[in-house]
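Residue-level structural notes
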Amino acid sequence: MRVSRCVLLTVCYVFLFVSPAHASYVMPYPSYMPGHVLYTPRTIVDRIGEWWNFGEIGRAKYHNRLSDRYMVEAKTLFEYGQYKLAVSALKKSDLNFAQSLLYIREVEQRHKDNGELKAHLKEASKKHDEIIISLLSLLPKKAIWEEEYEEPETIEIAFLLRQSQIMRSYADTQ
Amino acid sequence: MRILNSVYLVLLLVLTIFSYGFVDPNFPVSPPPFLHQLVYTYRPVATGIYVGIMTALFALFALVVKRTMAGHIQAPEIWRLVFITTAFLFVSFPAFSYDVFNYIATARVLFTYGENPYVVMPVELSHEPMLAFMHASNKTALYGISWIVLSSIPHAVSFGSIVAAVYAFKGFVAFFYLGLCYLIWLLSKKNPVSLVLFALHPLVVIETLVSSHQDVVMMFFALLSFYLIKKHLPILAGFSLLISIGIKFATVALLPVFGYVLYLSLREKKIPWETVWIGSTVAMTLMVIVSPLREEVYAWYLIWPLTFTALLPSRTTLHYVYAASGYGLLLRFAPFILTRNWFGTTPMIKYVVTAAPLALVSLWRLIYRK
């Protein structure tokens, strides 16, 4: 009787107080993929966006947003076996993440905020890390990529993912 | 006239002093404690004072309009009243709206912090001292690019001080108020009735000189565009209307009227200005009517059609209707003074006080006409 009461209370606790859909940091949905007719216009809009998002806070948020988007793009492309394009997206995500980190440092130096942006980027880095870990378990360490009329090339998938992971961990040490 | 002047000056003085009771406790400058106590503790008394001031201002306004129409008050006397009102209320505190703090914060986001105000909200700048008392810190810039560019002037004059910025923005808005009055004066062929109908309308006075809403800046450039067409300067006129639209977007409704006037001007045809002002009044009134689709009807929106109704001095019924609307719209703030709450019964009272004066005046005009 006591056991069943305990079980019942635990179940009630789980349903009442533990939210089943906990989302501390939400990544965007995958946008247009390379090859889509709107992919290039979106890249142009992104370039204009860089100009529009002036200021350290604006730039930090902008690069963080792009870093997220390219990470999702990379994940989708990796899952579809488009390793070459996926690596390109991963590198763009890394670059934007690094830029966001640099702008956040400037925000801190100029005392523009109380570390809210930094905390946000840490959340982003954790989410990126989760994606990278899932990809590491899913993908081969290396892949030979052969484009038409080109020499085959070896893509060091695991190495590149670890590199991205190290960059994300840098946000935690700051 | 001397008694009228004295009563008006006393009213302006009471209004100016009363406005300091609304200073936020976190504002860098504190008003005398009794004023703060009056507004925050003795709320029924404060509401009574507010309604009393508004009613007295409208009664005096009606009297001044009537005497001006009868030819007892001449233009120099009205101009004197306009300057006195501006000087008195320039020192008042923006008591009945916090929008001026939004203007200051937007300018600070751009010019002090070098961030895009359309991207970064003031609340993201954690060390910004204005966050202690401003009410819309979680919003990006609400106004157009023209306004942000123009706001660089009062921002520069304030030299980084928030208190100085309040008066710099008040002065800036007051400058355009005088400019708009002058344009109405010119476009009405120096008709003192037109001048008084706009310049001394209590809603215009309160919302522009006390609360410092930038609607007069938008309307100044809109009316300037018509004036420039009259002076056969169509390119400058178009540019002026673009600036106006770029302040608060509402004057986009004037585009069809402006296009019509421009067409007649380019064809060197006679422009029926009476029809133009009626068209503009209708266009801007429609903008006021549709404004609840976005948020709600704010009192200062009535400045948009009032700019043009002033140019129709012989349309008596129109002025009764707009005066009643103005009175009703100003009373919308009264339930908030009483309850310090925008929810609960406040929305219902707001509806009633807005509609009641308009309904009563309409009814009275109907009976009076019969």
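Each remark here, short or long, concerns the structure printed above.
I will try to describe carefully the structure that is included in this document. Small disclaimer: the values here were computed from a predicted structure and weren't measured.

Calculation criteria
Residues numbered from 1 in each chain as written. Chains lettered and ligands numbered in written order. Predicted model: local features only at pLDDT ≥ 70, side-chain atom pairs only at ≥ 80, totals over all residues. Heavy atoms only, no water. Helix = DSSP H or I, 4+ residues; strand = E, 2+ residues; numbered from the N terminus. Buried < 20%, exposed > 50% of the residue type's maximum accessible area, 1.4 Å probe, protein only. Salt bridge = Lys/Arg side-chain N within 4 Å of Asp/Glu carboxyl O. Expected span 1.5 Å × (residues − 1). Contact = heavy atoms within 4.5 Å. Phe/Tyr/Trp six-rings, centres within 6.5 Å; stacked < 30°, edge-to-face > 60°. Buried area = accessible area lost by both parts, 1.4 Å probe. Polar contact = N/O pair within 3.5 Å; in protein donor to acceptor, adjacent residues only side chain to side chain. Nonpolar A, V, L, I, M, F, W, Y, C, P; charged D, E, K, R; others polar.

**Describing the overall build of chain A**
Secondary structure assignment for chain A yields six helices and two strands. Walking chain A from its N terminus toward its C terminus, one meets helices and strands in the order α-α-α-α-α-β-β-α. Looking at chain A residue by residue over its 174 residues, the buried ones come to 37%.

**Section: the pattern of salt bridges**
Residues and elements named next belong to chain A. On inspection of all chains with the given rule, the structure shows 22 salt bridges over all chains. When the shortest N-O distance is used, the salt bridge between Asp46 and Arg69 registers 2.3 Å. Of the two residues, Asp46 is situated in helix H2 (residues 39-52) and Arg69 in helix H3 (residues 56-79); the sequence distance between them amounts to 23 residues. The pair formed by Asp46 and Arg69 is uniform in burial state, with each residue classed as buried.

**What about helix H12 (residues 234-248) of chain B?**
Residues and elements named next belong to chain B. When the terminal C-alpha atoms of H12 are compared, their 22 Å separation across 15 residues agrees well with the 21 Å that a helix rising 1.5 Å per residue should span. By the burial criterion, the buried members of H12 are Ala237, Ser240, Leu241, Ile243, Ser244, Ile245, Gly246, Ile247 and Lys248. Those residues of H12 that are buried are in contact with helix H6 (145-150), helix H11 (215-230) and helix H13 (255-266). In the stretch just after H12, Phe249 is the one whose phi turns positive, near 70°.

**Here's the deal with the packing of aromatic side chains**
What describes a pair of aromatic rings is the distance from one ring centre to the other and the angle between the planes of the rings. All names here are of chain B. Applying the stated criterion across every chain, the model contains 44 aromatic pairs over all chains. Seen from their ring centres, Phe175 and Phe176 are 5.6 Å apart, and the 90° between their planes marks the pair as edge-to-face. Given a relative accessible area of 58%, Phe175 falls into the exposed group. On the accessibility criterion, Phe176 (7% relative accessible area) is buried. Ring centres of Phe226 and Phe308 lie 6.1 Å apart, and the angle between their planes is 90°; this geometry places the pair in the edge-to-face category. Of the two residues, Phe226 is situated in helix H11 and Phe308 in helix H15 (residues 303-309); the sequence distance between them amounts to 82 residues.

**Brief notes about the interface of chain B and chain A**
Contact with chain B, which involves 12 residues of that partner, is made by 13 residues of chain A. Summing the contributions of chain B and of chain A, the shared interface buries around 1,100 Å²; its carbon and sulfur component is 52%. Among the residues chain B hides against chain A, the three largest losses belong to Glu115, Val119 and His127 of chain B. Together they make up 39% of the total. Linking chain B with chain A are two salt bridges, by the criterion used here. A salt bridge links Glu115 of chain B to Lys112 of chain A, with the nearest nitrogen and oxygen atoms 2.8 Å apart. At the boundary of chain B and chain A, one finds 13 residue pairs in polar contact (both at pLDDT 80 or more). Residues belonging to the side of chain B that touches chain A are distributed by class as follows: six nonpolar, four polar and two charged.

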